[in-house]
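Observations on chain architecture
Each chain, written out:
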Amino acid sequence: AQAILAQAFCSVPVSACGGFFVPLASRAYTMASEAFVDPEQYTSIVQQGEVFRKQQKWTKPLLIVFVAALAGVAVLVAQGHDWKAQAVRVRGHPEFSSKDATPANPPGEDAAATNPADEKDLSTAPEWTAMHPDPAVLKWLNVSEVKPGGTTCGFLTAPLGTMGVHVDSYPDVKVYFCIKFAKTQPAPKGTIFSHCGGPGGLSGCGVDYGSLAGDDYNHIGIDQRGLGRSLPTFATPNCTIPGFPALLDDEDERETRRKLQKTKARAHACFNDPSFQLPAKNNKSGRDYFNFLQFSGTDEVAEDLDRFRKAIGARKLSLHGISYGSAIAMAYATKFRDHVDKFLLNSPVPPTLSMFQMAWDSAHGQQLQYDNFAAACDSAGAACPLSMAPGGTGNALALVMDKIRQMNIQIPLTTDQCKAFFFCTSPTSVSAVYLANLQLGFSQAGDREGFKQVVNEVYTQYQAAASGDIVKFESMIVKSGQEYVAAFIAAVNAAARPSQPSGPQAALPFFDENPDTNSKPTEEERVAGQPDYHVLINQGQVAQTCVMSQSTFDEASNENYFMSRWKEVKSTFPNFHLGKSVKLFTSWWSMTYSWPRLTPTTSAASPTTPGIIIGYIYDPNTPYSWAQQAHASFPLTSLVTSQASKHGMGFDEVDRDCLPILHKYLQEDVQPVDGDLCRAPRPVAWS
C-alpha cells in the first residue's frame, strides 16, 4: 500500500495541479485510494505519471516531499494517531525508556492492548505513589510501616466485574496486597509483582520472591480473589472434600471413580454456596445477584493488578510469575502490554489453558522426570545400589510399590497427628501408597544428598521385598512413613508460628491475630483471623478448583469418558508403578470436573513484550513443552533452558548458573541471548 501511494504522489496529470498544491494532494490521495481496489485505475495512474515525470522533472522532488507530508498527516488524523505516545517513543524525550523502543502494536491491536482510561491515567499518575496511594482504591493498614525498606499490607477495593452493561450494579470486593518498599524512594527500578503459583500462592511468597530482583524495586505480592485475606473467601466447607486426597490410590479405578463422584457433588455445592451470591448494588441491569465464582479467575487478578498500578501512580509494572503465577503475568501482558516493564516467566504454564492438555502434558512430564532419575542411577552402576536390581532401578521401584499395594499397608498415627497432617485415611492412619507418592518426589529441590538418602532407603526396602521378608518390609515402610509425617508436621508448625516478641503476645498463633490490625504478608498456614484456612483450603484442591474453573476450558463432565482417558494415561505413562503420572493427570483434570459454568481466559500472547522465559527440561510439574509454547506466544522473549530436574528457579544451588542471567536482566535490563542453556549435573552424582 505504501508503494502504491508513493507512486500515486508523482503520477497525476499536469492539468490537475492548476498551479496549486492542495488540489494536487487531494487528487493524489483520492487516486491512490481508488488504485487500492481497482487494478485498471492503478495502471492508468502509473501511465499518466510517466508522462508527468518527463514533462515536469523540476517539480518532482518538491511535490514528493509536500504531498507525502500532507497525505501522511491526513492518514494519521484519520487513524486517530496518539501523538503523545509517539512523542514518548522519541529518544531524548523525558518519558522515553528502553522499553519504548520495542515495535509498535500491529494495526487493529491498540484497542485490545490499552485500557481506555490510560490517557487520563497518565495525566493524573503523579498524584499517587507506592507510599501514598489513591485512598479511594488502596489503603495500607499500618502507616508506621510505610517507609523506605519497610513492609506492609492493605486492601484494594475493586468492582466485582468490568462488563459495561452491569457496571453500575457490580458490588465491591476486597483484595489483599502486600509490599516491601525499596530502600530508596521512589524505587529506582520501579515495582515488581511476583506470584509463586498454585493457584494458592499468597502474598508472603510473592514479597519474598521479589528479593531476587534486589532492593531497587518495590516488591509486591497478592492474596488473589478468594484466597488468603481477600474477601469473599473460597475457604468454605461447601467447597471442600473431607478426607481428600489420601482417600485413594491413584492407580485404583474404583477409588478414582469415588473421587470423581465426590468432586462432582462438591462442584455443585460450592458453586451454589450462599456466601458467593453477592447482591447487586442496584438492579439497573436487571440482576439481583452476581455469583462470585464467575468473577474470581485469572483475568480478574490481572485487572486487580492494573488497578493497583494506577493506585500507586506507576506507568509500568515488572512481572515475575512462577508456575501458575506465569498465567497471571501472561494475562496482564496480553491485556495491558503497554504497562509491562520487565517480564519473567519461571516454569510457565501454557498460554492456552486447556485442562485436558495440561493434565496429559503433566503426566508426560512426570514420566520424563523419573525416567531421568532411573537413567542417572543405572549409569552409576554399583555406586547407586538400586541399579543392581534385576532389570535396573525402574524394576526395583516397581517391585516396592507393588508390594505396598498388595499388602495394603496403613501407617498408624496418633489422632493429633492426623488432625495436623489432614491427609489421613482414617482417624488414626494414612495410606502407605499415598505417603510413598509424597516421599518419592526426590529430585524436586535439587538436593542431591537428600536424593541419595531416599534412594538408599528404597534399596533396603527393595531387598526385604525381594527376599520375601514381609514382616521386615512392612516394619521399614511404617517407620519411614511415621518419620516423614513427623517431619512434615514440624515444618508446618514452624511456618505457622514464627518467632514473636516476648510477653503476653508470644503464645498467640500468628493466624489468630486480629485481621483489623494485622498488616503482615500471608502464608497458607497463617492467615490472620482464619485459623482453619489451611485445613479448609487443602481439603479437595479448593484454590485450584475455584480458580482454574474460571480460567480454563476442555473439562470433563462424564465419569466414563474421564476414566477412559485415565486408563490411556495409566498405560502410556507407567512411571514404575509409582502412580505419579496418573496422579498428576487425575489431579489436573478433576479440578474442573462437572463444574457448572466455566469462564475461560483467552489465549495469552503479545508480539511486543520482551522478557525472559525459564524452562526446565525435566520439570515434573510444568513440562518443558509449556515453556516452548509460551515463547511462541511472546516472540520477543528469550527462552533460557536449564538441564536441572526441578520446578521453578529460586535460591537452590542447582540454579547457580541461571541466576546471574536473571539478575543481569532485572538490574541492567540486559536480555539474554535466545536459547541460552544453563548446564546442570544429572539429578545424582555418586562418589
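Residues numbered from 1 in each chain as written. Predicted model: local features only at pLDDT ≥ 70, side-chain atom pairs only at ≥ 80, totals over all residues. Heavy atoms only, no water.

Helix and strand content of the protein chain: 23 helices and 14 strands. For the protein chain, the residues scored as buried account for 53% of the 687 residues in total. Put simply, of all contacts in the protein chain between residues at least 6 apart along the chain, 73% involve residues at least 24 apart. (Helix = DSSP H or I, 4+ residues; strand = E, 2+ residues; numbered from the N terminus. Buried < 20%, exposed > 50% of the residue type's maximum accessible area, 1.4 Å probe, protein only. Contact = heavy atoms within 4.5 Å.)

Let us now look at the confidence of the model for the protein chain. Residues with a pLDDT of 70 or more make up 75% of the protein chain, whose mean pLDDT is 80. Counted against residues more than four places away or in other chains, residues 1-39, with its pLDDT under 50, gives 59 contacts. Counting interchain partners and residues more than four positions distant, the pLDDT-below-50 stretch residues 497-511 has 26 contacts. (pLDDT = per-residue confidence, 0-100.)

This part takes up helix α15 (residues 432-439). With respect to burial, α15 is a largely interior element, six of its eight residues being buried. One side-chain oxygen at the N-terminal end of α15 lies 3.2 Å from the backbone nitrogen of Val-433; it belongs to Ser-431. (Polar contact = N/O pair within 3.5 Å; in protein donor to acceptor, adjacent residues only side chain to side chain.)

Summarising burial for strand β12 (residues 611-616): six of the six residues are buried, a large majority. Side chains of β12 alternate between two faces, with Gly-611, Ile-613 and Gly-615 and Ile-612, Ile-614 and Tyr-616 buried alike. As judged from the three bridges shared by strand β9 (residues 340-346) and β12, these two strands associate in the parallel manner. Its bridge partner being in β12, Leu-345 is matched across the sheet by Ile-613. Looking at chain direction, β12 and strand β13 (residues 637-642) are connected through six bridges and run parallel. The residue of β13 that forms the bridge with Ile-614 is Val-640. Following the chain from β12 across helix α22 (residues 624-633) to the adjacent parallel β13, one finds a crossover that is right-handed. (Pairing = 2+ DSSP bridges. Right-handed = clockwise from strand over helix to strand, strands pointing away.)

What follows covers helix α20 (residues 559-572). An α-helix turns once every 3.6 residues. As a result, residues three or four positions apart point the same way. Between its terminal C-alpha atoms α20 stretches 20 Å, which fits the 20 Å expected from 14 residues at 1.5 Å a residue. Those residues of α20 not exposed but buried are Phe-562, Met-563, Trp-566 and Val-569. For α20, the angular spread of the buried residues around the axis is 115°, confining them to a single face. In α20, those exposed residues whose orientation departs by more than 90 degrees from the buried face are Asn-560 and Ser-571. As for α20, its buried residues are in contact with α9 (253-271), α12 (355-380) and α21 (580-590). One side-chain oxygen at the N-terminal end of α20 lies 3.0 Å from the backbone nitrogen of Asn-560; it belongs to Asn-558. (Expected span 1.5 Å × (residues − 1). Arc of directions from axis to C-beta.)

For the rest of this paragraph, the subject is the sheet that holds strand β4 (residues 191-195). Pairing is mixed in the open sheet, where 10 strands are placed in the order β1-β2-β3-β5-β4-β8-β9-β12-β13-β14. One side of each edge strand has no neighbouring strand; the edge strands of this open sheet are β1 (138-140) and β14 (677-678). Where helix α10 (residues 298-311) meets the sheet, its contacts fall on β1, β2 (151-159), β3 (172-180), β4, β5 (218-223) and β8 (317-322), and the angle it forms with β2 comes to roughly 115°. Along the sheet, α22 makes contact with β9, β12 and β13, crossing β13 at roughly 165°. (Axes fitted to C-alpha atoms, helices over the stretch in contact; angles between N-to-C directions.)

If you want to describe how two helices pack, look at the angle between their axes and the distance between the axes. Packing of α12 against helix α13 (residues 393-407) leaves a shortest axis separation of 8 Å and a crossing angle of 120°. With respect to α13, the axis of α12 lies oblique. Mapping the contact onto sequence places Phe-373, Ala-374, Cys-377 and Asp-378 in α12 and Thr-393, Gly-394 and Leu-397 in α13. Among the residues making up the contact of α12 with α13, the classes are represented as four nonpolar, two polar and one charged. (Parallel < 35°, antiparallel > 145°, perpendicular 65-115°, else oblique. Nonpolar A, V, L, I, M, F, W, Y, C, P; charged D, E, K, R; others polar.)

The subject of this paragraph is unusual backbone geometry. Along the chain, Gly-198 connects to Pro-199 via a cis peptide bond; the corresponding omega equals -5°. Within the element layout of this structure, Pro-199 appears in the loop between β4 and α8 (203-209). Going from Leu-231 to Pro-232, the amide bond is cis rather than trans, its omega being 0°. Considering the arrangement of structural elements, one finds Pro-232 in the loop between β5 and α9. Notably, Asn-575 is not glycine yet its phi reads approximately 55°, a positive angle. Relative to the elements of secondary structure, Asn-575 occurs in the loop between α20 and α21. Overall, the relative accessible area of 0% leaves Asn-575 in the buried class.

Evaluation of the coordinates by the stated rule reveals five disulfides. Across a sulfur-sulfur distance of 2.0 Å, Cys-153 and Cys-178 are joined as a disulfide pair. For the disulfide bridge between Cys-153 and Cys-178, the dihedral angle about the S-S bond is near 110°, and by the sign convention the bridge is right-handed. In this pair, Cys-153 sits in strand β2 while Cys-178 sits in strand β3, placing the two residues 25 residues apart along the sequence. With relative accessibility at 0%, the residue Cys-153 sits in the buried group. Each sulfur of the disulfide joining Cys-658 and Cys-678 lies 1.9 Å from the other. The sign of the S-S torsion, about 110°, decides the handedness of the disulfide formed by Cys-658 and Cys-678: right-handed. (Disulfide = S-S within 2.5 Å.)

Moving on to the pattern of salt bridges. One pass over the structure, following the stated rule, counts 20 salt bridges. Across the pair Glu-483 and Lys-479 runs a salt bridge whose closest N-O atoms are separated by 2.7 Å. Remark: Lys-479 and Glu-483 occur in helix α17 (residues 470-496); sequence separation between them is four residues, near one turn of the helix. Classification of Glu-483 as partly exposed rests on a relative accessible area of 43%. Note that Glu-668 is salt-bridged to Lys-664, the shortest N-O span being 3.0 Å. Here the residue Glu-668 and the residue Lys-664 both occupy positions in helix α23 (residues 659-668), the gap between them amounting to four residues, near one helical turn. Within the structure, one salt-bridge network assembled from shared partners comprises Glu-253, Arg-257, Glu-559 and Lys-567. (Salt bridge = Lys/Arg side-chain N within 4 Å of Asp/Glu carboxyl O.)

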